[in-house]
Amino acid sequence: SAAAPRPWRLFGAMCLLRLPRITQPLEKLEEEMVALMGQIELEKSHYSDHEIRKLEEEERLRRRKESMYDDDDDEAPGKTVIMAQDLEDKWEQKLLQFEAAPRITDADKNNNRTSLNRKLDSNLMLLAKQKIGNQELWLLPQVEWQPGETLRSTAERAMATFLGDQVQAKTLGNAPCGIYKYKFPRAIRTEDHVGAKVFFFKAFLQSSDLSEAELKEDYLWVTKDELGDYLKPEYLKKVNRFLLD
């Protein structure tokens, strides 16, 4: 017998997140707490091996200077002596040469939302512009389910459709983390296809280098606060239920 008609077309969508690369700036109270804990730790701490070594060397040099007595064989011909102070001077020079990377990138300054190198202290989500009917909408990457697929594999295929097969991502679980259901406009609605159900899955981007990825559509990397600039209200409401910042 013929298969029963499916009134709902099924889609799998992938919520692909780039996790934060740096910590968020500390609030004033947090900075004060860090300073307090650092002071407490310093007051209760003991000398490290390096500090003990430095004190012993300073004491040895003091006694040697006072009595002109050499109590060890440190000055034997051909023997190189590295003092604790020498190490500290070397470390100080390395520290002076170190320059921390900026927290605000060029992509932040230019508000380039197609770049992964922005909002380094926040989650970024991939949005793709897709044609739905006669409209072009910003959505999470999605494709229609095909017989024989699991919904998870459908969502992973949606991700590969936009970023290419070489993208490295870790999908979380086999069950959807959210669902969005909507009915088609009456003009295109049929008995077999009343509307669509979109099943959302979540994945973490493992590689931040997408320079070789084949991008087949327009795409954006946006924060949770920026989603409202692109997603329709009902769609955004469903996404916000499973999206944590």
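Residues numbered from 1 in each chain as written. Predicted model: local features only at pLDDT ≥ 70, side-chain atom pairs only at ≥ 80, totals over all residues. Heavy atoms only, no water.

With respect to the overall build of the chain
Across its full length, the chain holds six helices and eight strands. Written out in order from the N terminus, the α and β elements of the chain read β-α-α-α-α-β-β-β-α-β-β-β-β-α. Counting only contacts in the chain whose residues sit at least 6 apart along the sequence, the fraction spanning at least 24 positions is 69%. Carbon and sulfur atoms form 51% of the exposed surface of the chain, whose accessible area is close to 17000 Å². (Helix = DSSP H or I, 4+ residues; strand = E, 2+ residues; numbered from the N terminus. Contact = heavy atoms within 4.5 Å. Areas by Shrake-Rupley, 256 points an atom, 1.4 Å probe, with all protein chains shown as cover.)

Notes on the packing of helix 2 (residues 49-67) against helix 3 (residues 84-97)
Here helix 2 crosses helix 3 at 125°, and the two axes come no closer than 9 Å. Regarding the angle of helix 2 to helix 3, the classification is oblique. Contacts between helix 2 and helix 3 involve His 50, Arg 53, Lys 54 and Glu 57 from the first element and Ala 84, Gln 85, Leu 87, Glu 88 and Trp 91 from the second. When the residues that make up the contact of helix 2 with helix 3 are grouped by side-chain class, the tally is three nonpolar, two polar and four charged. (Axes fitted to C-alpha atoms, helices over the stretch in contact; angles between N-to-C directions. Parallel < 35°, antiparallel > 145°, perpendicular 65-115°, else oblique. Nonpolar A, V, L, I, M, F, W, Y, C, P; charged D, E, K, R; others polar.)

Quick word on the side chain of Thr 154
Within the secondary structure layout, Thr 154 lies in helix 5 (residues 151-163). The buried category is assigned to Thr 154, whose relative accessible area is 0%. There is a polar contact of 2.7 Å between the side chain of Thr 154 and the side chain of Glu 149. Excluding its chain neighbours within four sequence positions, the residues that come into contact with Thr 154 are Gly 12, Val 143, Glu 144, Trp 145 and Glu 149. (Buried < 20%, exposed > 50% of the residue type's maximum accessible area, 1.4 Å probe, protein only. Polar contact = N/O pair within 3.5 Å; in protein donor to acceptor, adjacent residues only side chain to side chain.)

Thoughts on the confidence of the model for the chain
This prediction gives the chain a mean pLDDT of 87; 88% of its residues lie at or above 70. Of all the helices and strands in the chain, helix 2 carries the lowest mean pLDDT, 89, while helix 1 (residues 28-44) carries the highest, 95. (pLDDT = per-residue confidence, 0-100.)

Here's the deal with the nonpolar core
Of all hydrophobic cores here, the largest spans 23 residues; its most connected members are Met 125, Leu 127, Leu 140, Phe 200, Leu 227, Tyr 235 and Val 239. Looking at this core, the elements that each hand over two or more residues are strand 1 (8-18), strand 2 (124-132), strand 3 (135-139), strand 7 (195-205), strand 8 (219-222) and helix 6 (233-240). The biggest single contributor to this core is strand 1, with four residues. Apart from residues no more than four positions distant in its own chain, Leu 127 is found in contact with Trp 138, Leu 139, Leu 140, Asp 218, Tyr 219, Leu 220, Val 222, Leu 227, Tyr 230 and Leu 231. Grouped together as the second largest cluster of nonpolar side chains are 14 residues, Met 14, Leu 126, Leu 163 and Ala 203 included. (Core = buried A, V, L, I, M, F, W, Y, C linked by side-chain atoms within 4.5 Å.)

Regarding the packing of aromatic side chains
Evaluation of the coordinates by the stated rule reveals five aromatic pairs. Here Phe 200 and Phe 242 contribute two aromatic rings whose centre-to-centre distance is 5.3 Å and whose plane-to-plane angle is 35°, an arrangement assigned as tilted. Of this pair, Phe 200 sits in strand 7 while Phe 242 is found in the segment after helix 6, placing the two residues 42 residues apart along the sequence. A residue is classified by how much of its surface remains accessible, and Phe 242, at 8% relative accessible area, is buried. (Phe/Tyr/Trp six-rings, centres within 6.5 Å; stacked < 30°, edge-to-face > 60°.)

Things to note about a nonpolar patch on the surface
Taken together, Met 33, Leu 36, Met 37 and Ile 40 make up a surface patch of nonpolar side chains, about 350 Å² in accessible area. Structurally, the position occupied by Ile 40 is in helix 1. Since its relative accessible area comes to 33%, Ile 40 is described here as partly exposed. (Patch = residues over 30% accessible without salt bridge, like charges linked within 9 Å, V, L, I, M, F, W, Y side chains within 5 Å. Salt bridge = Lys/Arg side-chain N within 4 Å of Asp/Glu carboxyl O.)

Some thoughts on the environment of Ala 155
Summarising the element assignment, Ala 155 is placed in helix 5. On the accessibility criterion, Ala 155 (0% relative accessible area) is buried. Sequence separation between Ala 155 and Val 198 is 43 residues; the distance between their C-alpha atoms is 9.8 Å. Not counting chain neighbours up to four residues away, the residues in contact with Ala 155 comprise Gly 12, Ala 13, Met 14 and Phe 201.

Overview of the environment of Trp 8
Mapping Trp 8 onto the fold places it in strand 1. Considered as a pair, Trp 8 and Asp 192 are 184 residues apart in the sequence and their alpha carbons are 7.6 Å apart. Residues within four places of Trp 8 in sequence aside, it is in contact with Lys 181, Tyr 182, Lys 183, Asp 192, Gly 195, Ala 196 and Lys 197.

What about unusual backbone geometry?
Phi is positive for Asn 111, which is not a glycine, with a value near 50°. Considering the arrangement of structural elements, one finds Asn 111 in the loop between helix 4 (106-109) and strand 2. For Asn 111, a relative accessible area of 44% translates into the label partly exposed. For Lys 119, which is not glycine, the phi torsion reads 45° and is therefore positive.

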